[in-house]
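Architecture and fold: a report
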Amino acid sequence: MRYLLYQLIIAVAFSGATFAEGARTLLPDSPVGNARAIYGQVKDGLGAGLPGVSIVVKGTQRGTVTDEKGEFNIETQPEDAVLVFSFVGYKTLEETIGNRSEISVEMTSENRSLDEVVVVGYGTQKRRDVTGAVGSVKGSDLKTVIAADASSLLQGRLAGVTVQNGGSAPGQAPAVVIRGTGTFGNDQPLYVIDGMIAASMAYINPNDIESMEVLKDASAAAIYGSRASNGVVLVTTKSGKAGDVKISLNIKGGIQSPSKKLKFLNARQYADWNNMAHDNDGQPHAPGNDSKFDPTIDTDWQNLELGSAPMTDYNLSLSGGSNTAKYFISGQYFNQKGIATDSYFKRYNLRANSVFTKGRFKFTESLSLSRGVNNPNTYVGRETGPLPTMAVKNPSNLGGYAGLDPAFAGVSRVVNWYGLAHLDDNRYTTDQILGNIGLEYEIIDGLKYKLNVGLDYSVYRQYDFTPAFFMSNSQEAFQQQATLNDSYTQSFTTLVENTLTYNKTLGDHNFEVLIGYTSQNGNATSLGATAANFPSNDLRVINAAINRTVNTTGDLQQFVLQSALARINYNYKSKYLLTATIRRDGSSKFLYPSNTFATFPSVSLGWRVSEESFFPKNAVVNDLKVRGSYGTLGSQNINNYLTSPTFNLTSDYYFAGGAQPGIAVTQYVNPALKWESTKTGDVGVDLSMLGKSIVISADYFDKTSSNVLANIPIPAYGGGGSTLTKNAATINNKGFEMAVTYIKPNKNDNDFKYSVTGTFSAIRNKVISLGDGVSPIIAGGFTQQSLQSTRTDVGQPIGSFYGYKVLGIYQTKQEATEDGRTDAGAGDFKFSKEQTYLGSPFPKFNYGLNFNATYKNFDFGVFFQGVYGNKIWNAKGRFQYILDYGSNKSPEVLKAWTPQNTNTDIPRATQLDPANNKRSSSFYVEDGSYTRLKNVTIGYTLPAGILRKIQVSNARFYVSGQNLLTFTKYKGYDPEVGRNSNGGSNPNRVGDLLNNGVDQTAYPNARIVSVGIDLNF
């Protein structure tokens, strides 16, 4: 369409000129006696061919336009000196002809960010008219990065958006938090993909994404009402363009390797440490570490567990069409093997997008088919710690893996976790259909009706088979009967939206009015069975089990959400701006009629000060807009049926000397449950300077969430001993965010061009109230002894670390006794008398820095990202590898306190631990700040001459590195521990926010070096 449109514009501009078909065009009155043919190609700043460019011989009306590959052919005369290249959105370029017969040029995009169209809820707006806080990321900025989940690519690129990847587990979904956490439940944003509501982006091909817009404040997100309190991510996938068929092939392949490995004791060192602990406890040495120590066994479990692994990403797309019909078809195969043994993720994607227009009718369609297969390693974090005195395999054992008797090894439990990871057969498969169709009709000029019908259908299968095996008599080191758990969940969600949009301009007054009605219906059915005692470990289906009645489950979940919405956008000369939105939602999750419905309004104002007559017109400040917004958003992110009691129909009770049949309440209800609501105020400024080469956007926001759901304990004497969900808490997030972009002006057609974008955000999270009867929330469990690490209470951030402060180490028994510690002795920790808050998992600020440059056919990009001021509870490194006794140890234990080594911060070696040195304390807390070189890319695009010879419109080769360097003081594998999501056992699970920053089973981060090729035909 664009190519034909510009042909038409040029034909009108050159009155009387007649163009031939395609790019080989010439005015009929041109002299031909000494004509000379000149051919070439016009490219954009990324090296891609630019179609529809006007090329005119300066001082004449003779000209042509480039074809769909950006190529042109024009005949000139001896007196012709200059060709003029012009294209909307690009700077006009003049090129001297000279004696050349081939001329290839690159056009520079004008910085017209104010005229850029951004996607907002149920429509689009020019950026200059946007009054809400909206951040944008283009798909072209992400094409060199290999990632399973596209939402991870937001990290560091948008101010106010925090992304925690939590390691490099294959297929693992990151945690995405927009402007802070305001709930104790699900704090993830709403995803809208091509107009269809989706739970996540886990099964969207990142290469299909055209753009992602993040709606951060109430004004931008209120159109989504009850689902927008955590922010909204709008995803627009690619569509076809008018012209010949375009075939694009993108292939990426890389090698992953652990970004860091820890140090552990060797077998002899471990045996000596274990013996010293037994000596301190007055216990005899274990035979395996003393008289029967085997020097031939020294197993490095970390090297077995962690290693290099490949990942590949193949993408093929076809696009094209005409002015009335356009299409985009793509396919993807993504394969990632984990750096942890026996883990992988595979995804297959197929997408078909199309647009058809006929008169006043417009039909759109977006369809995505995907299959994801995840094989997680659920023992990550345990495998690196088994005793080095244990062998890996023992062919005489059932299953083939070795073990040790606990008494022989001198510990209470010995498990070959590496062997278990290989014995277990875990496969989680998700098949998904996500799509929608839209029918739009322009009733009269400016008035459009649109029907959008969407579908999200998925089948999730969780398959877990553990064979019969024997390693030793230790707990968890044997299983006499194989077990199989096989379950399915089928989800079916439909969305029907009816909207009317009216656009009208009256002089300098511009109006856009939107009204609509939507209905979303969800239905999820699950069925599962557990069987045991299989005749053979090779028979792995339910029917093969001898005992098929171990456990069966089945469930049905349904919900309905119905909504009415309205919005008005108004501007006067694009100077004074107003957006007002209101949405009323009704949810089946709340009791009818009292709490079923809620209303969510918002309003925002904008003033483009630079359009005022008094504003100085100079080259320093080109555009200045101030804006403010206030509104209410909601959340219905709770489970279904919380307002309906549940009963156990087979709950026996004892009476009259025997068991009597009875019924027991298993879920108490609160019929007064209602929506969580979030009130957000935002003040922002958008500024462009120095010929629009510098663009700045800054916001201050204050967001208060009220009626936050919390659980109130019910004492056992009340008949339950359970909890009751209640709207109780209030949480506040306030902060400042800023994004600055500098684009180097292209003076004198310099071949070197670059741009720099920096983002910064500082957010403060605080619990204002927990409500009457709600006790502080204790969470963050990190040991099997039920030690907890986080406490959520009034005046503190959610999930703050809590425990005793370590004040030093007692040097004598007398010192401990005088301190009132009869349980402690020389070498034990000296703790504070009371527990206190030890830090927050939330950083004081996040930042990102993105640099992109081109020089002739080369391109270069580097991206830094980091956080500052957060703490990490290093449970794995400080508890398991230092204080606990059931695994191998860090070399730090060699600095443990002894009468000869008193100047240390490591307590004495002990297994009995009578002083409870393992208690929750500041010993586990470390600085989580880091700066990471997130991505580096170097690319080269083949010259036009070579492309013509090989008949390829564009060919680019590149090398990329991800997570190459990390600067941090954290002693664990990686400071980005996320929410302890257990190695990616479910790719859609981001982990419990109350476990944020607790490093217990975090999957190590991977360094990735990859190569790629982009081919366009």
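- The name recorded for the protein in an unreviewed UniProt entry is TonB-dependent receptor, from Dyadobacter frigoris.
- Within the UniProt record for the protein, the comment given under Sequence similarities (unreviewed entry) is "Belongs to the TonB-dependent receptor family."

1. A closer look at the overall build of the protein
- Each helix and strand counted, the protein has nine helices and 52 strands in total.
- For a compact globule of 1017 residues, the expected C-alpha radius of gyration is about 31 Å, and the protein comes in at 32 Å, within 12% of that figure.
- Its C-alpha atoms give the protein principal-axis dimensions of roughly 110 × 70 × 65 Å.
- Split into buried and exposed, the 1017 residues of the protein put 54% on the buried side.
- For the protein, the exposed surface amounts to about 42,700 Å²; the carbon and sulfur share of it is 56%.
- Of note, the protein has its 94 positive side-chain charges centred 3 Å away from the centre of its 87 negative side-chain charges.

2. Points about the sheet that holds strand E2 (residues 54-57)
- Across the sheet, four strands lie side by side as E3-E2-E5-E6; this open sheet has antiparallel pairing. The two strands at the open ends of the sheet, each matched to only one other strand, are strand E3 (63-65) and strand E6 (90-96). Looking at each pair of strands side by side, their axes are set apart by 15° on average, direction ignored.
- Here E2 runs beside E3; their pairing, made up of three bridges, is antiparallel. Its bridge partner lying in E3, Ile-55 is registered against Thr-64.

3. Here we look at a nonpolar patch on the surface
- Taken together, the side chains of Val-245, Ile-247, Leu-316, Leu-318, Ile-329, Leu-350, Leu-367, Leu-369 and Phe-1017 present a nonpolar region at the surface, about 690 Å² in accessible area.
- Residue assignment for the nonpolar patch shows that the elements contributing at least two residues are strand E17 (243-258), strand E18 (309-321) and strand E21 (361-375).

4. Some points on the pairing of strand E22 (residues 425-444)
- Relative to E22, E21 runs antiparallel, the two being bridged by 14 bridges. Paired with Thr-364 across the strands is Gly-438, a residue of E22.
- In the sheet, E22 pairs with strand E23 (residues 447-466) via 19 bridges, with the strands oriented antiparallel. When the bridges of E23 are listed, Gly-438 appears paired with Asn-452.
- Turn length for the E22-E23 hairpin, with the two strands adjacent in sequence and antiparallel, is two residues, and the turn residue Gly-446 shows positive phi of about 90°.

5. Let's talk about the sheet that holds strand E14 (residues 196-198)
- A sheet is described by the order of its strands in space; here five strands give the open sequence E10-E15-E16-E13-E14, paired in mixed fashion. Strands with a single pairing partner mark the edges of an open sheet, and in this sheet they are strand E10 (134-138) and E14. Sheet twist, expressed as the average angle between the axes of neighbouring strands with direction ignored, equals 25°.
- Two elements, E10 and strand E15 (residues 209-215), share five bridges in a ladder whose sense is antiparallel. Looking at the pairing, Ser-136 lines up with Glu-213 of E15.

6. Describing helix H8 (residues 875-883)
- H8 sits mainly inside the fold: nine of its nine residues count as buried.
- Within the sequence span of H8, burial applies to Ala-875, Lys-876, Gly-877, Arg-878, Phe-879, Gln-880, Tyr-881, Ile-882 and Leu-883.
- In this structure, the buried residues of H8 make contact with helix H3 (267-281), strand E44 (829-831), strand E48 (871-873) and strand E49 (925-927).

7. Thoughts on the confidence of the model for the protein
- Averaged over all residues, the pLDDT of the protein is 88; the fraction at 70 or higher stands at 93%.
- Within the model, the stretch residues 1-33 combines pLDDT values under 50 with 58 contacts to residues more than four positions away or in other chains.
- Note that residues 981-988 has pLDDT below 50 and, in this model, 32 contacts with residues that lie over four places away or in other chains.

8. Quick look at the nonpolar core
- Of all hydrophobic cores here, the largest spans 46 residues; its most connected members are Trp-273, Val-411, Val-414, Leu-420, Met-471, Phe-782 and Trp-873.
- Elements with a contribution of two residues or more to this core: H3, helix H6 (417-423), E44 and H8.
- Residue contributions to this core peak at five residues, all from H6.
- Beyond its immediate sequence surroundings of up to four residues, Phe-782 is in contact with Leu-787, Gln-788, Ser-789, Trp-873, Ala-875, Phe-879, Ser-920, Tyr-924, Val-998 and Gln-1000.
- Ile-197, Ile-204, Met-212 and Ala-218 belong to the second largest nonpolar core, which has 45 residues in total.

9. A few points about the UniProt feature "domain: TonB-dependent receptor plug" (unreviewed entry) in the protein
- When the UniProt feature table is mapped onto this chain, "domain: TonB-dependent receptor plug" (unreviewed entry) is found at residues 127-232.
- Counted over residues 127-232, helix gives 4% and strand 26%. Its end C-alpha atoms are 18 Å apart.

Here is what the cut-offs are and how they apply
- Residues numbered from 1 in each chain as written.
- Predicted model: local features only at pLDDT ≥ 70, side-chain atom pairs only at ≥ 80, totals over all residues.
- Heavy atoms only, no water.
- UniProt positions renumbered as here; feature names shortened; annotations may be inferred.
- Helix = DSSP H or I, 4+ residues; strand = E, 2+ residues; numbered from the N terminus.
- Rg over C-alpha atoms; globule rule 2.2 N^0.38 Å.
- Buried < 20%, exposed > 50% of the residue type's maximum accessible area, 1.4 Å probe, protein only.
- Areas by Shrake-Rupley, 256 points an atom, 1.4 Å probe, with all protein chains shown as cover.
- Lys, Arg positive; Asp, Glu negative; His and termini not counted.
- Charge placed at Lys NZ, Arg CZ, Asp CG, Glu CD.
- Pairing = 2+ DSSP bridges.
- Axes fitted to C-alpha atoms, helices over the stretch in contact; angles between N-to-C directions.
- Patch = residues over 30% accessible without salt bridge, like charges linked within 9 Å, V, L, I, M, F, W, Y side chains within 5 Å.
- Salt bridge = Lys/Arg side-chain N within 4 Å of Asp/Glu carboxyl O.
- Contact = heavy atoms within 4.5 Å.
- pLDDT = per-residue confidence, 0-100.
- Core = buried A, V, L, I, M, F, W, Y, C linked by side-chain atoms within 4.5 Å.

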